[in-house]
Amino acid sequence: VSPGSSKPCAPDTESPSGTGEADYCRRILVRDAKGTIREIVLPKGLDLDRPKRTRTSFTAEQLYRLELEFQRCQYVVGRERTELARQLNLSETQVR
């Protein structure tokens with residue numbers, strides 16, 4: 001299978017677990033608004049059990065500086081990003 005494509009999640013009689021289930025799929029049951037229970041098949045790599053990352057709360061000063069830099073240049077890279085992150089006490093990912 002090429003990157004970006006997906007395999008169908010059909011039963012796999014060759015799976016090591018011996019359950020007849022494909023090893024790359026996760027099946028969950030959900031109840032829709034009408035009360036009907038439906039099965040959803042998702043890739044196991046989705047990791048639904050991992051807690052969401054908390055959203056970064058920027059200070060007014062950080063937002064002001066970030067917006068100023070964005071107006072000047074939409075893509076801050078290299079040393080400029082490193083320096084801006086250091087000045088604002090943020091990670092480079094947050095500055096990106």
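Now for a quick tour of the structure. (Residues numbered from 1 in each chain as written. Predicted model: local features only at pLDDT ≥ 70, side-chain atom pairs only at ≥ 80, totals over all residues. Heavy atoms only, no water.)

**Some points on the packing of helix α1 (residues 60-72) against helix α2 (residues 78-88)**
For the pair α1 and α2, interaxial distance at closest approach is 11 Å and the crossing angle is 160°. Judged by the inter-axis angle, α1 sits roughly antiparallel to α2. Crossing hand, α1 versus α2: right-handed. Within the contact between the two elements, α1 uses Gln62, Arg65, Leu66, Glu69 and Arg72 and α2 uses Glu80, Leu84, Gln87 and Leu88. Partitioned by chemical class, the residues of the contact of α1 with α2 number three nonpolar, two polar and four charged. (Axes fitted to C-alpha atoms, helices over the stretch in contact; angles between N-to-C directions. Helix = DSSP H or I, 4+ residues; strand = E, 2+ residues; numbered from the N terminus. Parallel < 35°, antiparallel > 145°, perpendicular 65-115°, else oblique. Left-handed = near helix turned anticlockwise from the far one by under 90°. Contact = heavy atoms within 4.5 Å. Nonpolar A, V, L, I, M, F, W, Y, C, P; charged D, E, K, R; others polar.)

**Looking at the pattern of salt bridges**
According to the stated counting rule, one finds five salt bridges in the structure shown. Between arginine 72 and glutamate 69 there is a salt bridge whose closest N-O contact spans 2.9 Å. In this pair, arginine 72 and glutamate 69 are both assigned in helix α1, three residues apart and thus about one turn of the helix distant. In this structure glutamate 69 comes out as buried when scored by relative accessible area, which is 17%. Salt bridges here are not isolated pairs; linked through shared partners, they connect Glu69, Arg72 and Glu80. (Salt bridge = Lys/Arg side-chain N within 4 Å of Asp/Glu carboxyl O. Buried < 20%, exposed > 50% of the residue type's maximum accessible area, 1.4 Å probe, protein only.)

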